[in-house]
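The primary structure of each chain is shown beneath.
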Amino acid sequence: MSPMPTAFVHLRTHTEYSVVDGMLRVDDMVAAAVADGQPALAITDLSNLFGAVKFYSAARAKGLQPVLGCDLWIEPEGGAAE
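Quick summary incoming for the structure in this document. (Residues numbered from 1 in each chain as written. Predicted model: local features only at pLDDT ≥ 70, side-chain atom pairs only at ≥ 80, totals over all residues. Heavy atoms only, no water.)

It is worth spelling out the environment of Asn48 at this point. Locating Asn48 in the fold gives a position in the loop between strand S1 (40–46) and helix H2 (52–61). The exposure class assigned to Asn48 is buried, which follows from its relative accessible area of 9%. With 21 residues separating them along the chain, Asn48 and Gly69 place their C-alpha atoms 9.1 Å apart. A polar contact is formed between the side chain of Asn48 and the backbone oxygen of Tyr17, at a distance of 2.8 Å. (Helix = DSSP H or I, 4+ residues; strand = E, 2+ residues; numbered from the N terminus. Buried < 20%, exposed > 50% of the residue type's maximum accessible area, 1.4 Å probe, protein only. Polar contact = N/O pair within 3.5 Å; in protein donor to acceptor, adjacent residues only side chain to side chain.)

We now examine the nonpolar core. Counting 10 residues, the largest nonpolar core is built from Val26, Met29, Val30, Ala33, Leu41, Ile43, Phe55, Ala58, Ala59 and Leu64. Top element by residues in this core is helix H1 (residues 26–35). It accounts for 4 residues. In this view, Leu41 contacts Val9, His10, Met29, Val30, Ala33, Phe55, Leu64, Gln65, Pro66 and Val67; residues no more than four positions away in its chain are not counted. (Core = buried A, V, L, I, M, F, W, Y, C linked by side-chain atoms within 4.5 Å. Contact = heavy atoms within 4.5 Å.)

Here we come to H2. By the burial criterion, the buried members of H2 are Ala52, Phe55, Ala58 and Ala59. The arc that holds every buried residue of H2, seen down its axis, measures 140°, which confines them to one face. Of the exposed residues in H2, those oriented more than 90 degrees away from the buried face are Val53 and Ala61. Buried positions along H2 lie against H1, S1 and strand S2 (65–71). (Arc of directions from axis to C-beta.)

Contact geometry for H1 and H2: axes closest at 10 Å, N-to-C directions at 30°. On the basis of the axis angle, H1 is roughly parallel to H2. The handedness of the crossing between H1 and H2 comes out as right-handed. Contacts between H1 and H2 involve Val26, Asp27, Met29 and Val30 from the first element and Lys54, Phe55, Ala58 and Ala59 from the second. Looking at the contact of H1 with H2, its residues break down into 6 nonpolar, no polar and 2 charged. (Axes fitted to C-alpha atoms, helices over the stretch in contact; angles between N-to-C directions. Parallel < 35°, antiparallel > 145°, perpendicular 65-115°, else oblique. Left-handed = near helix turned anticlockwise from the far one by under 90°. Nonpolar A, V, L, I, M, F, W, Y, C, P; charged D, E, K, R; others polar.)

That is the geometry; function is a separate question.
In structure tokens, the structure reads:
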């Protein structure tokens, strides 16, 4: 018996809503994942969840399992440690 193939799922993707370092448009990203046969897709925009509703709706409409995350920078109270 051969092992089942493992599906690839992007778990760290920055969209157009990740202002500093993202350029992917949500609809284009979802369409590419569907064309590639991915069962799920994640967004992890930098310091915000502005695209969460648009992404969730687009992914569910195409049969993808949406995974929501956020790339955060956390510093100790009072600023960066030296």
